[in-house]
Each structure stands twice: as C-alpha cells, then as structure tokens.
Amino acid sequence: MNPILENILTRRSVRKYKTEQIADLELESILEAAKYAPSGGNSQSWHFTVVQNTDKLEELNQWVRNAFSNLVIDNTMYRSKKAGKAAAANESYNFYYHAPTLIIVSNEREYSNALADTGAALQNIFLAAHALNIGSCWINQLTWFCDDIPVRSMLTSLRIPENHKVCGAAALGYIAGNIPKAVSRKEGTVHIVS
Ligand SMILES: Cc1cc2nc3c(=O)[nH]c(=O)nc-3n(C[C@H](O)[C@H](O)[C@H](O)COP(=O)(O)O)c2cc1C
C-alpha cells in the first residue's frame, strides 16, 4: 500500500503514554508538519503552544477539573462534555492522559476559518506523530473551557494570545502498551455522482 495512505489508515487515538519525553527533533518535525497545513486565504493565524512542564500540565488539569465541577448540565449538552463532568469528579482524572507533551492550538476569536484551519493543522500533527511512532490524541477540554476565568488566566500565563480561543489540542508521547484497534467506520457516508 502507498505509505502515506497506510499512515492515514493506521493512525489511532492513543490514550496511554510512557512518561519519557519525546525527542526535541521529533517535536520540531511535528510542528513543521503542523505549520504546513492549509489555511483559509493562507492566513496562518494559528498559534501552537507546546506545554511539556509536568507541574504546569498538572495545574491545568486541576483548573479543568474545577471548570467541570462548575459546569451545569442540560439535555442539549454534547455527550462527551456530560461524560467528562462525571469522569472529572474522580481524583485520578487527567484530561490529557498524562501525555508528556500537550500542543494547544489556538486561533483568532473572530476568524471564520479558525476551527477549520486548526483541524487541518491538528491532523498534520497526528499523522506526523504516527509516522515517527509517537502516539497522539485530540484533546477537546480546553476548547470548552478556554473562557472559564481560572482556565483562561492559566492559558494567558502560558502565553496563548488574549485575542485567541483554543480550537483544539494534541496529546503526544511514546505509546504505552498496544496500539488501539481501529473503531469501525460507518457505512453510507459517501455518495459518488458520476
Ligand atoms: C473534534 C474532536 C474532538 C475530540 N476530543 C477528544 C477528547 O477530548 N478526548 C479524547 O480522548 N478523544 C477525543 N477525540 C478523538 C476521538 O474520540 C477519536 O478520533 C474517534 O473515537 C476515532 O478514533 P481514532 O482517532 O482512533 O480513529 C476527538 C476527536 C475529534 C475529531
């Protein structure tokens, strides 16, 4: 099979990581791949904040747990967010799965392609990581809570620009245990008009 296609088909979301940090050169390659993603009108207005400091990551986790505890649930709420509240009540909850690296991707608040551009950059991050045998997972909690006051003040201390919102994040690290099996893909999502 074409190696690029094989890389796409074999990438999985990884939720168990070794504590060992990824190599600086690997991180550099992954960030380079991120920056080469397409962006609307070539705006490249994204920002990649790489957090590798365990104390800061733990502190961020505590603020995310705090935000979950203040979250008022209603019937229309996205189910992962509802499930997150229950999970975060547990002392052992860690939203980034104790990955040694978290790349937070932010973009300008008012920019209409903010999420689309970030999605493209994050997918490049995941595929580059996989090509280097590094596990990765999309982490969404900071997109939900980036306007929560204590979370935002921590994000500001990490130098995420004030006029940015968090659009997604990537947990990265060497994989502990087996690579998870692919979840089956839904049928009927393609329609070819010839
Ligand atoms: C927008 C988006 C948000 C996601 N948020 C999370 C998350 O917060 N935590 C998590 O463990 N996985 C998250 N995921 C990963 C999905 O659960 C995963 O991609 C899906 O189950 C398919 O599995 P695969 O990535 O192994 O193919 C997210 C994926 C996307 C695209």
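Residues numbered from 1 in each chain as written. Predicted model: local features only at pLDDT ≥ 70, side-chain atom pairs only at ≥ 80, totals over all residues. Heavy atoms only, no water.

The name given to the protein chain in an unreviewed UniProt entry is Nitroreductase, and the organism recorded there is Propionispira arboris.

In this section: the site of the ligand. The local shell around the ligand consists of Arg11, Arg12, Ser13, Arg15, Tyr97, Cys137, Trp138, Ile139, Asn140, Gln141, Val183 and Arg185. At a separation of 2.4 Å, an oxygen atom of the ligand approaches a polar side-chain atom of Tyr97. In the environment of the ligand, a nitrogen atom lies 3.3 Å from a nitrogen or oxygen atom belonging to the backbone of Trp138. Burial of the ligand by the surrounding chains reaches 66%, relative to a free accessible area of 630 Å². For the shell around the ligand, the residue count by class is five nonpolar, three polar and four charged. (Near = heavy atom within 4 Å. Polar contact = N/O pair within 3.5 Å; in protein donor to acceptor, adjacent residues only side chain to side chain. Areas by Shrake-Rupley, 256 points an atom, 1.4 Å probe, with all protein chains shown as cover. Nonpolar A, V, L, I, M, F, W, Y, C, P; charged D, E, K, R; others polar.)

Right, let's talk about unusual backbone geometry for a bit. Of note, the phi angle at Asn42 is positive, near 55°, even though the residue is not glycine. Structurally, the position occupied by Asn42 is in the loop between α2 (24-35) and β1 (47-51). Non-glycine residue Tyr97 carries a positive phi angle of around 60°. Among the secondary structure elements, Tyr97 is positioned in the loop between α4 (79-88) and β2 (101-108). (Helix = DSSP H or I, 4+ residues; strand = E, 2+ residues; numbered from the N terminus.)

Our focus in this paragraph is the pairing of strand β3 (residues 135-139). Counted residue by residue, β3 has four buried out of five residues, so it is predominantly covered. Summarising the sheet, β3 and strand β4 (residues 164-173) pair through five bridges and their orientation is antiparallel. Paired with Cys137 across the two strands is Ala171, which belongs to β4. (Buried < 20%, exposed > 50% of the residue type's maximum accessible area, 1.4 Å probe, protein only. Pairing = 2+ DSSP bridges.)

As a further point, take the nonpolar core. With 31 residues, the main nonpolar core has Leu60, Phe95, Leu102, Ile104, Leu142 and Leu155 as its most contacted residues. Mapped by element, the contributors of at least two residues to this core are α3 (54-70), β2, β3, α6 (141-145), α7 (149-157) and β4. Excluding anything up to four places from it in sequence, Ile104 contacts His47, Phe48, Thr49, Val51, Leu60, Leu142, Leu155, Leu158, Ile160, Val166, Gly168 and Ala169. Grouped together as the second largest cluster of nonpolar side chains are 20 residues, Ala34, Ile125, Ala170 and Tyr174 included. (Core = buried A, V, L, I, M, F, W, Y, C linked by side-chain atoms within 4.5 Å. Contact = heavy atoms within 4.5 Å.)

Oppositely charged side chains can pair when the atoms bearing their charge come close. Taken as a whole, this structure holds two salt bridges when the rule is applied. In this structure, Asp147 and Arg109 form a salt bridge, with 2.7 Å as the shortest nitrogen-oxygen distance. Of the two residues, Asp147 is situated in the loop between α6 and α7 and Arg109 in the loop between β2 and α5 (114-131); the sequence distance between them amounts to 38 residues. For Arg109, a relative accessible area of 29% puts it in the partly exposed group. One salt bridge connects Arg152 with Glu162, and the closest N-O pair in it is separated by 3.9 Å. Here Glu162 lies in the loop between α7 and β4 and Arg152 lies in helix α7, a separation of 10 residues in the sequence. Accessibility expressed as a relative area gives 10% for Arg152, which makes it buried. According to the relative accessible area criterion, Glu162 is exposed, its value standing at 51%. (Salt bridge = Lys/Arg side-chain N within 4 Å of Asp/Glu carboxyl O.)

Another point: the sheet that holds β2. With respect to topology, four strands assemble into an open sheet ordered β1-β2-β4-β3, the strand pairing being antiparallel. Of all strands in the sheet, those with a lone pairing partner are β1 and β3, marking the two edges. This sheet shows a mean twist of 25° between the axes of neighbouring strands, independent of strand direction. In this structure, β2 lies alongside β4, joined through eight bridges in antiparallel fashion. What sits directly across from Asn107, in β4, is Lys165. (Axes fitted to C-alpha atoms, helices over the stretch in contact; angles between N-to-C directions.)

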